[in-house]
Amino acid sequence: MLRQVRNMHVKAIKMRWLTGGDNYSYLLSTQDRTKSWLIDPAEVLEVVPNLDAAERRSIQVIVNTHHHYDHSGGNVGMLAALGKDNIKPSVIGGSHTSPAVTVVPEHMQHLKLGDLEITCIRTPCHTQDSVCYHVKDPQTGEQALFSGDTLFTAGCGRFFEGTAQEMDAALNQRLLGGVGEPNWALTKVFPGHEYTKSNVKFVRKAVYPNPNMNQAFDELDKFAAENEVTTGHFSLADETQFNPFMRLDDPLVRQAVGDDGSWSRTQVMDRLRKLKNTM
Ligand SMILES: [Zn+2]
């Protein structure tokens, strides 16, 4: 499952899939593969066998997108497993609720992995400590966004610790603004779960019931029907075209939630998420 974003490398590791789950951990590596971030390695027994010795040696940081156990629950075990080979990564997370965190980044804090430039975009709502990580390869201009449970392809996370207003701000101000419009089309999205199929089912039923209502969504629908794995295939620009949670002013989205023409963006977001929760 090695996925090459030209010079930098993103390897998606499936977790919990054999028991009905759909989590991803990711190994983000520099062009020469000597330095890596290991993102959300919640299931140590599934992640370790997917890493060869060189990949394990390359791990400089364990990174969490948020504190939920199916993302951060492997931090301590992974430190122990790597420690046997004297590999001692630091641990980055949005709060100390994630076990063993040593670094809590601020909103828009810049970090480096080799010459990869990483921006930490804090996106509170799903959890208050949710952080999305935007990575830019200065050699090629190619980019990736590790969006945890905040942004999914054609969907977003549940508002466990936040409000509809916060999710609108997280997706449509902090993420889009933090990445910057010139970079949207270059930025591939890597979410914390493979939820695309169920998100597409919801959007087809509730928002765009017929073909040709949204061409970008029609293309996503076709791709999701034919591919089990969709992570890393769509860009942030694609999301602005087919993700209803990023299209709160789309008349078809407003129609789907029952807006009488007077609703605020927050009301549309709130109702859209509630509709999704009932499916
Ligand atoms: Zn979560």
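Not measured: the values here are computed from a predicted model. Each chain carries its own residue numbering, running from 1 in the direction its sequence is written. Reporting in this predicted model follows two pLDDT cut-offs: at least 70 for local features of residues, and 80 or more for side-chain atom pairs to be given and counted; totals over whole chains, interfaces and linings ignore these cut-offs and use all residues.

Think of it this way: any DSSP run of H or I at least four residues long counts as a helix, any run of E at least two long counts as a strand, and we number them from the N terminus. The secondary structure content of the chain amounts to 11 helices and 13 strands. This radius of gyration counts C-alpha atoms alone. The globule rule is 2.2 Å times how many residues there are, raised to the power 0.38. The globule rule puts the C-alpha radius of gyration for 279 residues at 19 Å, and the 18 Å found for the chain is close to it. In terms of overall dimensions, the chain has a C-alpha envelope of 60 × 40 × 35 Å along the principal axes. For the chain, the proportion of its 279 residues judged to be buried stands at 49%. Remark: residues whose backbone-derived C-beta atoms lie within 7 Å of one another are considered to be in contact. Sequence separation of 24 or more characterises 63% of the internal contacts of the chain that already satisfy a separation of 6 or more. To sort residues by exposure, count the other C-beta atoms lying within 10 Å of each residue's C-beta; 20 or more gives buried, 12 or fewer gives exposed, and values between give partly exposed, all with C-beta atoms placed from the backbone.

The next subject is the sheet that holds strand 10 (residues 143-148). When DSSP finds at least two bridges between two strands, those strands are taken to pair. The sheet built from five strands is open, its strands ordered 7-8-9-10-13 with mixed pairing. The open sheet has two edge strands with one neighbour each: strand 7 (109-113) and strand 13 (187-191). Neighbour-to-neighbour, the strand axes of the sheet open up by a mean angle of 25°, direction not taken into account. Pairing of strand 8 (residues 116-122) with strand 9 (residues 131-136), which is carried by six bridges, proceeds in the antiparallel orientation. For isoleucine 121, the partnering residue across the bridge sits in strand 9 and is cysteine 132. Lying on the sheet, helix 5 (residues 164-179) is in contact with strand 8, strand 9, strand 10 and strand 13; it crosses strand 8 at an angle near 165°. The axes used here are C-alpha line fits, helices contributing only the stretch in contact, and every angle between their N-to-C directions lies in the interval 0 to 180 degrees.

Glancing now at helix 8 (residues 215-226). For helix 8, which comprises 12 residues, the first-to-last C-alpha distance of 17 Å matches the rise-based estimate of 16 Å (1.5 Å per residue) to within 8%. Listing the buried residues of helix 8 in full gives Phe217, Leu220, Asp221 and Ala224. For helix 8, the buried positions fall inside an angular range of 105° around the axis, keeping them on one side. Opposite the buried face of helix 8, by more than 90 degrees, sit the exposed residues Gln215, Lys222 and Glu226. The elements touched by buried residues of helix 8 are helix 7 (196-206) and helix 9 (236-242). The span expected for a helix works out to 1.5 Å for each residue beyond the first. Think of the arc as the fan of directions from the helix axis to the C-beta atoms.

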